[in-house]
Amino acid sequence: MTRELWAAGVTVIGFDGDDTLWHSEDAFARAQERLADLLSAHASDGEVLARLHEIERRNLELFGYGVKGFTLSMIETAIEVSGGAVPIADIERLLRTGQEMLARPVELLPGVAETLRLVADGYRLVLVTKGDLLNQESKIARSGLAGLFASINILSEKNPDAYLRIFRQLAIVPEQFLMVGNSEVSDARPVVKVGGWAALVPYTLTSLHERAHSPGWSSPRLKNLTRIDDLPPLLEGP
């Protein structure tokens, strides 16, 4: 479809951060493997991860998204699964895991820097991400991309109301906004629901919190891309 038929009125493009612009979920996956290894004497890998996910859901309202809440949930899981017998040395290992996740270098995904610079010539770019404020600010600063964004928005949750607030701040209507991200739950559905546009770019791993409850959803306002550098041709049309 040509641009005249799809997203013709877009003037602002929003980009997700984690697993859209830079790697993130791979570190969570490695940390979960480490937790399962530490607790292998007490439960199977599947049982450990199921308990971790249960505890993460329970703690979400208290800790929010991000590495810090995840680290606390891992420690709580270790205590519960071991019946309080987890050694202090293992608790220290989990704390170090969280610290390493927070300090890891920012590794951009292929094509990100080039794509953002290309589309910045014709659109206003904004970052719309969620998670721990300090950690997200640090990643944005270290990414080398901050100067490309007209505004940076770090949310506690991505829902329709949050996007509408961003639209008001930008003085635009939903029809003018395209969101690019890897999560149907956070980056596509809420934007399309309020009348915006969305382009999904897959990542190899999907966080528990971002898994769609009803897969197969589609919309005329949604495009599924293979890579982020498919975005400029989509906007230009044939």
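A short tour of the structure in this document, coming up. (Residues numbered from 1 in each chain as written. Predicted model: local features only at pLDDT ≥ 70, side-chain atom pairs only at ≥ 80, totals over all residues. Heavy atoms only, no water.)

1. Digging into the nonpolar core
Nonpolar side chains in soluble globular proteins generally cluster together in the buried interior. Ranked by size, the top nonpolar core spans 29 residues in total, and within it Ile-13, Phe-15, Leu-21, Leu-116, Leu-178 and Leu-231 carry the most contacts. Where this core is concerned, the elements lending two or more residues are strand E1 (12-15), helix H5 (112-119), strand E2 (124-130), strand E4 (177-181), strand E5 (197-200) and helix H9 (231-236). If you tally residues by element for this core, the top one is H5, at 4 residues. In contact with Leu-21, not counting residues within four places along its chain, are Phe-15, Asp-16, Glu-107, Leu-108, Leu-109, Val-112, Leu-116, Leu-127, Leu-145, Phe-149 and Ile-228. (Core = buried A, V, L, I, M, F, W, Y, C linked by side-chain atoms within 4.5 Å. Buried < 20%, exposed > 50% of the residue type's maximum accessible area, 1.4 Å probe, protein only. Helix = DSSP H or I, 4+ residues; strand = E, 2+ residues; numbered from the N terminus. Contact = heavy atoms within 4.5 Å.)

2. Looking at the pairing of E2
Judged by how many residues are buried, E2 sits mostly within the fold: 6 of 7 residues are covered. By the bridge criterion, 4 bridges tie E1 to E2 in an arrangement that is parallel. Along E2, the bridge assignment pairs Ile-13 with Leu-125. One ladder, built from 5 bridges, connects E2 with strand E3 (residues 151-155); its direction is parallel. Paired with Lys-130 across the strands is Leu-155, a residue of E3. (Pairing = 2+ DSSP bridges.)

3. Observations regarding the packing of aromatic side chains
Inspection of every chain in the model, using the stated rule, returns 3 aromatic pairs. Ring centres of Phe-167 and Phe-177 lie 4.9 Å apart, and the angle between their planes is 55°; on these two criteria the pair is classed as tilted. With Phe-167 in helix H7 (residues 160-170) and Phe-177 in strand E4, this pair connects stretches of sequence that are 10 residues apart. Connected via pairs of aromatic rings, a cluster forms that spans Tyr-163, Phe-167 and Phe-177. Between Lys-130 and the ring centre of Tyr-65, over which it is positioned, the NZ or CZ distance is 3.9 Å. Above the face of the Trp-197 ring, Arg-221 is positioned so that its terminal group lies 4.3 Å from the ring centre. (Phe/Tyr/Trp six-rings, centres within 6.5 Å; stacked < 30°, edge-to-face > 60°. Lys NZ or Arg CZ within 6 Å of the ring centre and 35° of its normal.)

4. Notes on the environment of Gly-195
Topologically, Gly-195 is positioned in the loop between helix H8 (184-193) and E5. Along the primary structure Gly-195 and Glu-76 are separated by 119 residues, whereas in three dimensions their C-alpha atoms are 41 Å apart.

5. A few points about helix H3 (residues 67-81)
Relative to the 21 Å expected for 15 residues at 1.5 Å per residue, H3 spans 21 Å between its end C-alpha atoms, a close match to the ideal helical length. Every buried residue of H3 is accounted for by Val-67, Gly-69, Phe-70, Thr-71, Ser-73, Met-74, Ile-75, Thr-77, Ala-78 and Val-81. Buried positions along H3 lie against helix H1 (25-38), helix H2 (45-63), helix H4 (88-103) and helix H6 (133-143). Backbone geometry just after H3 places Gly-83 at a positive phi near 65°. (Expected span 1.5 Å × (residues − 1).)

6. With respect to the side chain of Ser-186
Tracing the backbone through its elements, the reader meets Ser-186 in helix H8. On the accessibility criterion, Ser-186 (3% relative accessible area) is buried. Within the structure, the side chain of Ser-186 is placed 3.1 Å from the side chain of Lys-130, a separation counted as a polar contact. (Polar contact = N/O pair within 3.5 Å; in protein donor to acceptor, adjacent residues only side chain to side chain.)

7. Remarks on unusual backbone geometry
A positive phi angle, near 70°, is found at Asp-19, a position not held by glycine. Mapped onto the secondary structure, Asp-19 falls in the loop between E1 and H1. Although it is not a glycine, Ala-171 adopts a positive phi angle of roughly 60°.

Don't take any of this as a statement about function, it's just geometry.
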